[in-house]
Each structure stands twice: as structure tokens, then as C-alpha cells.
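# A closer look at the structure
So the chains spell out like this:
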Amino acid sequence: MAFFNGYGVIVSARGPGNLHLVSYASINGLPNVFGSVSAKPNVTGNDDVTRFMISHSYYYTKYAFYWDGPDEAVCGIGLDLIRSPVGTSWQQATMIDWGGANFTSGNVTSFVNDAASVQRDNDITAFVIPDHLL
């Protein structure tokens, strides 16, 4: 299950681009939070693949993300060997619930465009995993 026992969502993305994330469905009425983090080949030491870990916030129960790079990205939960393709826009985002076991796809534009939503580029719960930590 995602976000239990230390299992975050792992995204592996090829090439340049940005991983976009929205955290929504707050348990206490907080605004949705969205933003992006860029691929960092100089941090990972791999010019081709960047790995990200999407963590959770105790305030939100749903997460959606997409990759805007020209190449592919896949995701999985923790050490699970099953990988799923990552969406390419907010209209075709990859979604998972806190404690969820499966990824789904859907349009989350309304959660990003909500008047109260807060944009936080480079300040979201998605982190680049340096290669030496793998």
C-alpha cells in the first residue's frame, strides 16, 4: 500500500522534464497544493534517468502526478516490481490514494485550477533520489 511502512511512490523518468504533483482531498480543509520538480541528471549522475520519490502529507488523502518530458516515465510503489506508465498532463494524470494499492488515470484539472489551490514549484512532496542512495 502506498505511503505505509515506508513505501512511497517511485517514478523513473527518462530524459529532461518535470514531474508535476497535486496533493488534494485535505482532511482538514486545506487548499490543494501543486507544483513540479525538474529532472536532475547532475545530481543523479545519470544523464538519462532521474528517479523521484513521491512522499505523502498527513493532511491530504489523494495524489496525482504527470511527467512532461519528451520521453517515458513509469511508476511503482516502493520496491514493487510492477511498474505503470505515468500520465502526460493533468487531463491524463496518474492518481493514487493514501494507502492505495493501485494506480488509476484521470482528469484532475479541477483540483489544480481550484481558486484556493496553492502552487509550490520545487516545494512539493516529490524528491529526486540520487543514484548513490539506490
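As shown above, the structure is provided for reference.
Keep in mind that what you see is a predicted model, and the values were worked out from it rather than measured.

### Some words on unusual backbone geometry
Phi at F3 takes a positive value of approximately 75 degrees, unusual for a residue other than glycine. Summarising the element assignment, F3 is placed in the segment before β1 (9-14). Notably, A25 is not glycine yet its phi reads approximately 60 degrees, a positive angle. Here A25 lies in strand β2 (residues 18-26).

### Points about the side chain of H20
Considering the arrangement of structural elements, one finds H20 in strand β2. Filtering out sequence-adjacent residues up to four positions away, H20 remains in contact with G35, S36, A64, F65, Y66, D68 and W90.

### A word on the packing of aromatic side chains
For the structure on display, the rule yields six aromatic pairs. Taken together, a centroid distance of 6.1 Å and an interplanar angle of 55 degrees make the contact between F52 and W67 tilted. Note that F52 is positioned in strand β4 (residues 49-54) and W67 in strand β5 (residues 60-67), a separation of 15 residues in sequence. Accessibility assignment for this pair places F52 and W67 in one class, buried. Between F65 and F103, the aromatic rings sit 6.3 Å apart at their centres with planes inclined by 85 degrees, giving edge-to-face as the arrangement.

### Considering the pairing of β4
In terms of strand pairing, β1 meets β4 through six bridges, oriented antiparallel. Considered in β4, the bridge of V11 is made with F52. Bridge analysis of β4 against strand β11 (residues 126-129) gives four bridges, and the strand direction is antiparallel. For M53, the partnering residue across the bridge sits in β11 and is F127.

### Considering the environment of D48
Take D48: it is sitting in the loop between α1 (41-44) and β4. Residue classification places D48 among the partly exposed residues on the basis of a relative accessible area of 35%. Spatially, the C-alpha atoms of D48 and P16 are 7.9 Å apart, while their sequence positions differ by 32 residues. Discounting chain neighbours no more than four positions away, the residues touching D48 are A13, R14 and G15. Among the polar contacts made by the side chain of D48, one reaches the side chain of R14 at a distance of 2.3 Å.

### Some thoughts on the nonpolar core
Counting 24 residues, the largest nonpolar core has V9, V11, L19 and F65 as the members making the most contacts within it. At the level of secondary structure, the elements contributing two or more residues to this core comprise β1, β2, β3 (33-38), β4, β5 and β6 (73-77). For this core, the element with the highest residue contribution is β5, accounting for four residues. When neighbours within four sequence positions are excluded, V11 is seen to be in contact with L19, T50, R51, F52, I54, F65, A73, V74, C75 and V86. One finds Y24, F34, M95 and V108 within the second-largest nonpolar core, a separate group that totals ten residues.

### Describing the sheet that holds strand β8 (residues 93-97)
The strand order β9-β8-β5-β2-β3-β10 describes an open sheet built from six strands, whose pairing is mixed. Each end of this open sheet is capped by a strand with a single partner; those strands are β9 (104-106) and β10 (118-119). Across six bridges, β2 lies against β3 in antiparallel orientation. Counterpart to V22 in the pairing with β3 is F34.

About the criteria used
Residues numbered from 1 in each chain as written. Predicted model: local features only at pLDDT ≥ 70, side-chain atom pairs only at ≥ 80, totals over all residues. Heavy atoms only, no water. Helix = DSSP H or I, 4+ residues; strand = E, 2+ residues; numbered from the N terminus. Contact = heavy atoms within 4.5 Å. Phe/Tyr/Trp six-rings, centres within 6.5 Å; stacked < 30°, edge-to-face > 60°. Buried < 20%, exposed > 50% of the residue type's maximum accessible area, 1.4 Å probe, protein only. Pairing = 2+ DSSP bridges. Polar contact = N/O pair within 3.5 Å; in protein donor to acceptor, adjacent residues only side chain to side chain. Core = buried A, V, L, I, M, F, W, Y, C linked by side-chain atoms within 4.5 Å.

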